[in-house]
Amino acid sequence: MKNFIIICFLLLVGHQTVNAQKALKVYVVRHAEKLTGDPKEKDPELSPEGSERAQALAKELKGQKIDSIYSTNYKRTKLTGFPLADKIGISIKTYNPDQTKALATQLIANAKGKNILIVGHSNTVLEIIEAFGGEKPVKPLTDDDYDYLFTVTVKGKKTEVKTSRYGVSHHTEGGEAKAMKMNK
C-alpha cells in the first residue's frame, strides 16, 4: 500500500510538471481595414482591403493549429477572424475589450498548450499583450497600423513577445503606399 501511494504521488507530481511546462501561444492582431465612408457608422464592416487582409491572416496562421479565436463584438473584428475560423471549423468567441486582464488570466490558467488568436483594436492590442505579462513591443498603434502580428508565448512565469507583419504593408514611405507582401 505504501508503494502504491508513492507511485500515485509521483505520477501526480509528474503530470503537474508536464502541464506547467506547456506554453500558451497567443496571436494578437488589430482588426483589418474597415469601411470609413460614413463617419456616423459605429460598427462598420471591413473594406475590400480589410477583407484581403483577413484572408492573409487566415493564410498566415493556417498551420499554427489555432484552438480558439476571440474577438470583440464588432463586425470588423469578427470579420477579421472569420476566414480562419471558417477554414478550421471553429466559432469565434466574443470578449469585452474592457476585460482583457480577466481574459488573459483565464487563458493563462486554463489554456496551457493551446494556440489562441485574439482580434482587438488599435487602442487595445498593446493592452492585451501587457495583460499576458508582456512588454509593449512597439509604440502605440496608429490608424495606419493594420499589419502587425504579435505572438505572445506564456510559459510558466515567463512571457515572450515577438512582432511580425502579415499581408500587404499598410505603412507609407514618402507619401506612397508600399504594396509589398510582408513575410516572416
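Computed from a predicted model, the values in this text were never measured in an experiment.

K.L.:
So what exactly am I meant to see when it comes to the overall build of the chain here?
P.N.:
Scanning the chain for helices and strands turns up five helices and eight strands. Listing every helix and strand of the chain by position from the N terminus yields α-β-α-β-α-β-α-β-α-β-β-β-β. Burial statistics for the chain: of 184 residues in total, 38% are counted as buried. Within the chain, counting contacts between residues at least 6 apart in sequence, those at least 24 apart form 61% of the total. Of the roughly 11,100 Å² that the chain leaves accessible, carbon and sulfur atoms contribute 52%.

K.L.:
I would appreciate a short explanation of the packing of aromatic side chains in the present structure.
P.N.:
Aromatic ring pairs: the centre-centre distance and the angle between the two ring planes describe each pair. Counting across every chain of the model gives one aromatic pair. Just above the ring of Y166 sits the side chain of R53; from NZ or CZ to the centre is 5.6 Å. Stacked on the ring of Y74, the Lys or Arg R76 has its end atom at 4.8 Å from the ring centre.

K.L.:
Whenever I open this one, the pairing of strand β2 (residues 68-71) confuses me. Can you help?
P.N.:
In regular strands, side chains alternate between the two faces of the sheet. By the alternation rule, side chains of β2 split into S68 and Y70 and I69 and S71, which are all buried. Across four bridges, β2 lies against strand β4 (residues 115-120) in parallel orientation. When the bridges of β4 are listed, S68 appears paired with I116. Taken together, the three bridges between β2 and strand β3 (residues 92-94) define a ladder with parallel strand orientation. Bridging across to β3, I69 finds its partner in I92. Where the polypeptide runs from β2 across helix α3 (residues 75-88) and back to β3, its parallel neighbour, the crossover connection is right-handed.

K.L.:
What should I look at first to understand the packing of helix α2 (residues 48-61) against α3 in this one?
P.N.:
Following both chains from N to C, one finds α2 and α3 inclined at 45°, their axes separated by 8 Å at the closest point. The angle between α2 and α3 falls in the class oblique. Helix-helix and strand crossings are classified by hand; for α2 and α3 the assignment is right-handed. Where α2 approaches α3, its residues A54, Q55, L57, A58 and L61 are matched on the opposing element by L79, T80, P83, L84 and K87. Partitioned by chemical class, the residues of the contact of α2 with α3 number seven nonpolar, two polar and one charged.

Rules used throughout
- Residues numbered from 1 in each chain as written.
- Predicted model: local features only at pLDDT ≥ 70, side-chain atom pairs only at ≥ 80, totals over all residues.
- Heavy atoms only, no water.
- Helix = DSSP H or I, 4+ residues; strand = E, 2+ residues; numbered from the N terminus.
- Buried < 20%, exposed > 50% of the residue type's maximum accessible area, 1.4 Å probe, protein only.
- Contact = heavy atoms within 4.5 Å.
- Areas by Shrake-Rupley, 256 points an atom, 1.4 Å probe, with all protein chains shown as cover.
- Phe/Tyr/Trp six-rings, centres within 6.5 Å; stacked < 30°, edge-to-face > 60°.
- Lys NZ or Arg CZ within 6 Å of the ring centre and 35° of its normal.
- Pairing = 2+ DSSP bridges.
- Right-handed = clockwise from strand over helix to strand, strands pointing away.
- Axes fitted to C-alpha atoms, helices over the stretch in contact; angles between N-to-C directions.
- Parallel < 35°, antiparallel > 145°, perpendicular 65-115°, else oblique.
- Left-handed = near helix turned anticlockwise from the far one by under 90°.
- Nonpolar A, V, L, I, M, F, W, Y, C, P; charged D, E, K, R; others polar.

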